[in-house]
Amino acid sequence: PASMTIDLHAHSVFSDGTDTPGEVMACALAAGVTTVAIVDHDTTDGWATAEADRPDGVTLVRGAELSTHVVVDGRRFSIHLLAYLFSPSVTGIAVEMARLRADRLQRGLAIVGRMVDAGVPISAAQVLDIAGGAPVGRPHIGRALMERGLVGSVTEAFSSYLSARGPFYVSKADTPLDRAIALVRDAGGVPVIAHSRSRGAAAVTDEAFFARYAEAGLMGVEVDHPDHDAAARIDLRRIASKYRLIMTGSSDYHGTNKTVSIGQETTAAEELAAILAGASGGVGVLGPVR
Ligand code: AMP
Ligand code: FE
Ligand code: FE
Ligand code: ZN
């Protein structure tokens, strides 16, 4: 298509979204989005289904969203790293994602265990059934709470039962950010920091942070995201220009697990072109490029 509408951050049932990859792309098409990236948490298991179910007219960018952390002044902060067009068969990243998925399972079970011990009427079997084999995330536990009528939505569960400051929270054994960046680059992918100014991450993602990680191989920053206010976007745009980072804009669509719409935030065509130019793992986009 002559004009592209690009959304580079969506989740499917292969992680904590509620749409199949085919449904994500159909939803994109219906919303006028021509290019969509499916970036499930810590897995590329949805890539094959996404490729098989891609509708004509939708360009698919394959990727993943890795769970990482940084330690600042002895405190750990969770940072999500988007990884585009990396080769999923490169051992380093494949092994690390497998470790992250195993840890998500143990950690999800630990959170559910705390809830069960406190008398919350959900079960591990119920949560695993909801996850359906996908890497376990708090949204799956949120749906279990919803099924039991304990909350009205997954978003509501995040402000109570699932809160990182609540009694049931257990953290994940994420990858150090500099190591995650190196793994993505080693697999020929393009690493982009996701929603850096949302929630806890905002406290540590200042200009010095981006200067440091740009030096370590970071290639981009998600500037436009539903969690970012106008001031955050202006600041991130300035930082991205200064350190020559690719600037993306994306919805972080999760189907009905979140209230955002696909295409709510978008990426400029030249920024996508920079991602394609920066990828070297032999994994291209699928579908029309212009
Ligand atoms: P976890 O990866 O298990 O720690 O869970 C975090 C995931 O839950 C992220 O991928 C978010 O997309 C999702 N999430 C975080 N906050 C909310 C919220 N307020 N409402 C719905 N989903 C959320
Ligand atoms: Fe998510
Ligand atoms: Fe994220
Ligand atoms: Zn995401």
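Residues numbered from 1 in each chain as written. Chains lettered and ligands numbered in written order. Predicted model: local features only at pLDDT ≥ 70, side-chain atom pairs only at ≥ 80, totals over all residues. Heavy atoms only, no water.

**Description of the pairing of strand β2 (residues 35-41)**
Counting buried positions along β2 yields 7 of 7 residues, so the element is predominantly enclosed. Note that strand β1 (residues 6-10) and β2 share 3 bridges and pair parallel. Considered in β2, the bridge of Ala-10 is made with Ile-38. Examined bridge by bridge, β2 and strand β3 (residues 59-72) share 7 bridges and lie parallel to one another. (Buried < 20%, exposed > 50% of the residue type's maximum accessible area, 1.4 Å probe, protein only. Helix = DSSP H or I, 4+ residues; strand = E, 2+ residues; numbered from the N terminus. Pairing = 2+ DSSP bridges.)

**Remarks on the coordination of the iron ion (ligand 2)**
Donor atoms from the polypeptide that bind the iron ion (ligand 2) are Asp-16 (OD), Asp-16 (OD), His-41 (NE2) and His-254 (NE2), placed at 2.1 to 2.7 Å. Angles of 51 to 150 degrees at the metal separate the 6 donor atoms of the iron ion (ligand 2), which places the site in the irregular class. Mapped onto the sequence, the donors of the iron ion (ligand 2) take the spacing D-x24-H-x212-H. In this structure, the iron ion (ligand 2) lies 5.3 Å from the iron ion (ligand 3). One end of the pair, His-41, is in strand β2; the other, His-254, is in the loop between β8 (246-249) and α10 (269-278), with 213 residues separating them in the sequence. You can call His-254 buried: its relative accessible area is 6%. (Donors = N, O, S within 2.8 Å, 3.2 Å for Na, K, Ca; no water. Tetrahedral: all angles 85-135°; square planar, octahedral: opposite > 155°, others 65-115°.)

**Considering the packing of aromatic side chains**
All told, the structure shown has 4 aromatic pairs when counted by the stated rule. Where Phe-209 meets Tyr-213, the ring centres are 4.8 Å apart and the plane angle is 50 degrees; that geometry is what we call tilted. On the criterion of helical spacing, the pair formed by Phe-209 and Tyr-213 is a turn pair, its members being 4 residues apart in helix α8 (residues 207-215). (Phe/Tyr/Trp six-rings, centres within 6.5 Å; stacked < 30°, edge-to-face > 60°.)

**Some words on the coordination of the zinc ion (ligand 4)**
Only His-9 (NE2), His-11 (NE2), Glu-65 (OE) and Asp-252 (OD) from the protein coordinate the zinc ion (ligand 4), and they sit 2.0 to 2.4 Å from it. Classification of the site at the zinc ion (ligand 4) rests on its 4 donor atoms, whose angles at the metal span 74 to 168 degrees, yielding the label irregular. Donor residues binding the zinc ion (ligand 4) come from one chain and are separated in sequence as H-x1-H-x53-E-x186-D. Between the two metals, the zinc ion (ligand 4) and the iron ion (ligand 2), the spacing is 4.4 Å. In this pair, His-11 sits in the loop between β1 and α1 (21-30) while Glu-65 sits in strand β3, placing the two residues 54 residues apart along the sequence. Neither residue differs from the other here; His-11 and Glu-65 are each classed as buried.

**Digging into a nonpolar patch on the surface**
A cluster of nonpolar side chains, Leu-105, Leu-109 and Leu-128, forms an exposed patch at the surface whose accessible area comes to about 200 Å². When you line up the elements, Leu-128 lands in helix α4 (residues 124-131). (Patch = residues over 30% accessible without salt bridge, like charges linked within 9 Å, V, L, I, M, F, W, Y side chains within 5 Å. Areas by Shrake-Rupley, 256 points an atom, 1.4 Å probe, with all protein chains shown as cover. Salt bridge = Lys/Arg side-chain N within 4 Å of Asp/Glu carboxyl O.)

**What about unusual backbone geometry?**
A positive phi angle, near 50 degrees, is found at Asp-73, a position not held by glycine. The topology assignment puts Asp-73 in the loop between β3 and β4 (75-84). Notably, Leu-85 is not glycine yet its phi reads approximately 55 degrees, a positive angle. Position of Leu-85 relative to the elements: it lies in the loop between β4 and α3 (91-117).

**With respect to the side chain of Asp-174**
Relative to the helices and strands, Asp-174 resides in the loop between α6 (154-158) and β5 (175-176). If near-sequence neighbours (up to four positions away) are discounted, Asp-174 is found in contact with Ser-67, Thr-68, His-69, Arg-76, Ser-78, Arg-99 and Leu-100. (Contact = heavy atoms within 4.5 Å.)

**A closer look at the pattern of salt bridges**
One pass over the structure, following the stated rule, counts 15 salt bridges. The partner of Glu-51 in a salt bridge is Arg-62, and the shortest N-O contact between them spans 3.8 Å. Highlighted residues: Glu-51 in helix α2 (residues 47-53) and Arg-62 in strand β3, separated in sequence by 11 residues. In this structure, Arg-238 and Asp-235 form a salt bridge, with 2.9 Å as the shortest nitrogen-oxygen distance. Here the residue Arg-238 and the residue Asp-235 both occupy positions in helix α9 (residues 230-242), the gap between them amounting to 3 residues, near one helical turn. Arg-238 gets classed as partly exposed once you look at its relative accessible area, which sits at 40%. If you follow the salt bridges from partner to partner, you end up with Arg-197, Glu-207, Asp-235, Arg-238 and Lys-242 in one network.

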